[in-house]
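Chain residues, written in single-letter form:
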Amino acid sequence: MTDEARRASYASLGAFIAPLIYGLSAGVFFYPFSELSVAGAALGFACVGALLAIPLARTRLRTPVIALLGVLGVLAAGGLHGTLDDALWFSRVFGPAQALLLANLIGASVASLACSTSLRTLALRRRIFSLLEVLFVGAAFAELVVAHRFGAINRPFELADSIIAQGGDPTVALLLIGALSGALVITLLLQERSFWRSLLHLTLALCLLLLVFSSTRLLGLPSPPAGASGLGLRPNDKPSQNEQNAHGQQKPKDGKSDNERLEFRDNYDSQGRQVPLAVVLLHDDYSAPTGMYYFRQTAFSQYNGKRLVSATLGGVDTDIAPAFVTQDTQLTPVPNVNGERVQLDTTVALLADHTRPFALESAERISPLRNPDSSRFRRVYRVTSSALSTKPSTFVGRPVGDRAWSPEVLAHYTDAPKDPRYKKLADEILGSMRPELAADPAARALAVSFWLSREGTYSLKSGHAQAEDPTADFLFGDRIGYCVHFAHAAVYLMRTMGVPARVGAGYVVDEAARQGGSSILLTGANSHAWPEFYVDGVGWVIDDVSPARSLDAAPPPPDPDLQRLLGEMARGLKPMPAGSERPLEPILASVRAFRDALVRGVGLLAFLLLALLYLIKLWRRVAPVFAGSSLSRVGYRAELDRLAEVSLHRGFGETREAFAARVAREAPSFRRLTERHLAVAFSAQGAVDPEELRGLRRKVARELRGGVSWQRRWLGALVPWSWLRSK
Amino acid sequence: MDTQGTIPTGSIGKPAGLAEAQKTLTTLTARTRAVIVGRDDVIELVLIALVADGHVLLEDYPGSGKTTLARSLGDSLRVVASGPIAAFRRIQFTPDLLPSDVTGSSVFELDGNRFTFRPGPIFAHIVLADEINRTSPKVQSAMLEAMAEKQVTVDNETHKLDELFFVIATQNPLDVMGTYPLPSPQLDRFLFKIEMKHIARDAELEVLTHYPKPSLQMGDTMPKVSREELIHTRRVIREGVHIAPAIREALVDLARALRSDERVLQGASTRSLVLMLPALQARALMQGRDYVSPDDIERLAPHVFGHRIECTPGVVDKNEVIAASLRPCLERLSKLSLSR
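A few points on the structure. (Residues numbered from 1 in each chain as written. Chains lettered and ligands numbered in written order. Predicted model: local features only at pLDDT ≥ 70, side-chain atom pairs only at ≥ 80, totals over all residues. Heavy atoms only, no water.)

**Focus: the overall build of chain A**
In terms of regular secondary structure, chain A is built from 24 helices and 16 strands. Expressed as a percentage of the 727 residues in chain A, the buried residues total 49%. When the accessible surface of chain A is totalled, it reaches about 34500 Å², and 62% of it is carbon and sulfur. (Helix = DSSP H or I, 4+ residues; strand = E, 2+ residues; numbered from the N terminus. Buried < 20%, exposed > 50% of the residue type's maximum accessible area, 1.4 Å probe, protein only. Areas by Shrake-Rupley, 256 points an atom, 1.4 Å probe, with all protein chains shown as cover.)

Written as structure tokens, this is what we have:
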């Protein structure tokens, strides 16, 4: 394309869609930051800027200069905004609130103008720069919904709140926003010379996105991307490449699914730590003695020479639910000889797929529940747990292990690595204890976790995975690791001391996180593995290690709004805001009223139209009875209507004779009637003999009755607009 | 034409005159149809041209019966034997033909010691000009003068042709080597150009069935038509068949539409419209009507305008161009009949 041709095309109608897209993007970009008026100003100035670009692109101004001017303009807008914001005189003149608003307005306007003018000009000059404007639009929309990441369905507040207030689902609205932005981006990419082609593409893109959107509604929301990986809690939990290389030759021999295993990872994936995975509802007030709620999903008790895996031996770990249940299922009863456990009911709603149900320790009964919102929750089940009401330290002096255990089971739970260093360390720990306690197994277990808490350093980044025994590498090395390391180390040491122990895995939540509410939100950051030992008459007692030092920042506390919102959803309640504030209600009401009026109006109009059509049809048929001198015309018209009813009508440019010849098969007499009609119209003679005409008309009607099936005739008689086609 | 009239105009009422004219047409049609099989549409057009005082150009392949058609028309005429004008003559045009071969020439007569004019083959009622594009433009122009003026000029002396002078010219559309194509002003002299298609299978079979019996004799038993009857028919039709003002409007609209069509370089002339009127009347009467109807326009327009308009290069189907202009005009006419 020559320069001239390109310049000529700048002003094509297709170029006028772009300003709208620019305006919308700028408005969306500034909407979360500031007042509505600022977003409106940005919208307007972006539109103007994109329009200004059309004449600007025609000038001789060099392209790099335009790009530079754009950057300078945006920088100037930032500077201007900052200066005005800080300037004392400015706030004195306008008052603080007005000054802030004005500064925002000016900054946003200048930035939008500079940005859209330069970007649009660049895109007009060279097609490759269209990518920049696509990025601009995409970024604006992404910025709007960025807070929605990690399953925070109540974010961004400025959008979600009003939607939740109406009892809607913010996710749907955000999907719509995404669809809209996608459509705009596609439109920019498909900018055509022709306005109508652009419009067509936009419509097609919207249809496509609508399709995607509707299928999302049907197939449910996509599963949370990650979270709780490496602990074997969730399916499709692929081992990292690093881990596979290191232990590729060691296929798990436990017969369980490949992904249900603990992994030592050098670099524990902290991606998706904020992704909500489940929400738990407490049916009764329960305060955990340790201040932590432990939700056990699985346990690893079999030592395979390298680490602990799921047990293959029968009769062990019977308290773990083998799979999701389809009916009310009673698990192995948890011993509760001295009443140290309390019965507690919880409801668990899974937001992500899990390999098996987890429950507040220790589960006794699991029954599936009806899913209140199948597009959001994967599964909902109710658990009756027998939760500990006393601290682990109260079990000092109690025997460990179960009297009913066979020697094999006891051996299974006390099988530890043969590495002498474990024995040495265990002896060291025992040596540091008071002699009367050192003989007590429960005290020994507590001492192990206490020692590890004191000596270990918590970090998701460590360097033990490549070692032959990662636990030994951790324990006898730098003692930097995460829960898997600590749990293994604790269990190995307990077992070395003769205490039956295992690693439990699941989720742990600080009691403070529920903030007095009854719903507990479990995110990827809550996934955990811990050591536990068996006390006779009590069952498995969790004896967690809490390292005193940590190299990692503490995970952010869960969003209490989201926790409450999801909890209500799990209860099957439609989320309702506190108070009666429903800002969109007037708009919705007017929309409903408009819709009702529209439906009524259209219905009435349709009825009137139908009545009118039938009236005209009827009149045209009976008019020959009253016709005087115009009988030839009116009578012929009536017969034309009769033919049109059985869908025989004259084509455009077809002469009346040709039409009559065409329908001669159905109505031979129509030919003669046509001749008489044309004679009146085109010959010098005046009227036609009315009797002859009537006779011909009767003949035509009779022939039609014989020549056309009655269904066709009756259907034709019912069609109100059939006469429109007779001409 | 004023000198003619064995039947006084004033003495008959219009219906009677028209009925007689229609009878004449029916006779001609029947005779010709008896001889020529499977060419009813061509016969109709040729007879219309004969009655409308025009000439026709047949675009055709050799051996498709055009001579037979022309001769049967000639045979249909009852000619005064003593007259100098033959009923039918055929001129085979060749490149070396001279104008005098067509028109006739002055011959020195020893008896009277003077030149006397010996009329050429053109002095006939019906002339078949075979392969008219094969002869030189000189001969063509002599021929065309005769067609337009009904006279020939030899040695500055003008010799009138008969009032009933009808030329059927032919040309082969494919065999164009060594031909002199007729330029458009000369084509304009022909009322119709008729492109003949090969006849239908049944018709062709019928032609073969009649093999031993020369087809030309088949119509011998039928009545003939005299020259006077034919000329009278012309006048009766001209005066008796009504042309509604709307029909004339439609013709003008059609010509204007053709001229404004961007596919058309040269549109239809006003003369063609004037020539078309008697043709429309003749066709109306052949259909048994005493008025011209839109159907007549639809039937004749392609043959009247097909050889008169010139289209831009690349336009293959002239008939479609004409039909495109024709359709709105016909639609208006059809609407008119209901709205009046």
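Having put the structure on the table, let's press on.
**A word on the environment of alanine 352 of chain A**
With respect to the secondary-structure elements, alanine 352 of chain A resides in the loop between β6 (341-350) and β7 (359-360). Put simply, alanine 352 of chain A and arginine 234 of chain A are 118 residues apart on the chain and 8.0 Å apart in space, counted from C-alpha to C-alpha.

**A closer look at the nonpolar core**
By size, the foremost hydrophobic cluster in this structure holds 79 residues, and its most contacted members are Phe295, Phe358, Leu452, Leu475, Leu522 and Phe533 of chain A. Formed by 75 residues, the second largest nonpolar core is a distinct cluster that contains Ala21, Ala70, Leu230 and Ala279 of chain B. (Core = buried A, V, L, I, M, F, W, Y, C linked by side-chain atoms within 4.5 Å.)

**Some points on the pairing of strand β9 (residues 166-171) of chain B**
Working note: regular strand, side chains alternate between the two faces of the sheet. The buried count for β9 of chain B comes to 6 of 6 residues, which makes it a mostly enclosed element. Here β9 of chain B shows no split at all, with Phe166, Ile168 and Thr170 of chain B on one side and Val167, Ala169 and Gln171 of chain B on the other all buried.

**Quick notes on the packing of helix α9 (residues 245-260) of chain B against helix α12 (residues 318-339) of chain B**
All names here are of chain B. At a closest axis distance of 9 Å, the pairing of α9 and α12 adopts a crossing angle of 150°. Considering their axes alone, α9 and α12 lie roughly antiparallel with respect to each other. The two elements α9 and α12 cross, and the hand of that crossing is right-handed. Residues Ala246, Ile247, Ala250, Asp253, Leu254, Ala257 and Leu258 of α9 form the contact with α12, whose own contacting residues are Val321, Ile322, Ser325, Leu326, Cys329, Arg332, Leu333 and Leu336. Grouping the amino acids of the contact of α9 with α12 by side-chain chemistry returns 12 nonpolar, 1 polar and 2 charged. (Axes fitted to C-alpha atoms, helices over the stretch in contact; angles between N-to-C directions. Parallel < 35°, antiparallel > 145°, perpendicular 65-115°, else oblique. Left-handed = near helix turned anticlockwise from the far one by under 90°. Contact = heavy atoms within 4.5 Å. Nonpolar A, V, L, I, M, F, W, Y, C, P; charged D, E, K, R; others polar.)

**Regarding the sheet that holds strand β11 (residues 480-481) of chain A**
Residues and elements named next belong to chain A. Taken in spatial order, the 3 strands line up as β11-β10-β16 in an open sheet, and their pairing is parallel. The open sheet terminates on both sides in strands that have one partner only, identified here as β11 and β16 (549-550). As defined by bridge partners, strand β10 (residues 457-458) adjoins β11 across 2 bridges and the pair is classed as parallel. Paired with threonine 457 across the strands is isoleucine 480, a residue of β11. (Pairing = 2+ DSSP bridges.)

**Considerations on the packing of aromatic side chains**
Residues and elements named next belong to chain A. Under the criterion given, the structure shown has 23 aromatic pairs over all chains. Between phenylalanine 474 and phenylalanine 486, the aromatic rings sit 5.0 Å apart at their centres with planes inclined by 80°, giving edge-to-face as the arrangement. Placement of phenylalanine 474 in helix α16 (residues 470-475) and of phenylalanine 486 in helix α17 (residues 483-496) is noted, with a sequence separation of 12 residues between them. Here phenylalanine 474 matches phenylalanine 486 in class, with each residue buried. (Phe/Tyr/Trp six-rings, centres within 6.5 Å; stacked < 30°, edge-to-face > 60°.)

**What to know about the pattern of salt bridges**
All names here are of chain B. Per the stated rule, a full pass over the model turns up 53 salt bridges over all chains. A salt bridge links arginine 289 to aspartate 296, with the nearest nitrogen and oxygen atoms 2.8 Å apart. Side by side, arginine 289 and aspartate 296 carry an identical accessibility label, which is buried. A network of salt bridges, in which partner residues are shared, links Glu44, Arg283, Arg289, Asp295, Asp296 and Arg299. (Salt bridge = Lys/Arg side-chain N within 4 Å of Asp/Glu carboxyl O.)

**Quick notes on the interface of chain B and chain A**
Taken together, the contact between chain B and chain A spans 23 residues of the former and 24 residues of the latter. With both sides pooled, the region where chain B packs onto chain A buries about 1800 Å², and carbon together with sulfur makes up 59% of that total. Sorting the residues of chain B by area buried against chain A places Tyr291, Glu331 and Leu338 of chain B first, and these three jointly supply 34% of that buried surface. Applying the counting rule to chain B against chain A returns 2 salt bridges. (Buried area = accessible area lost by both parts, 1.4 Å probe.)

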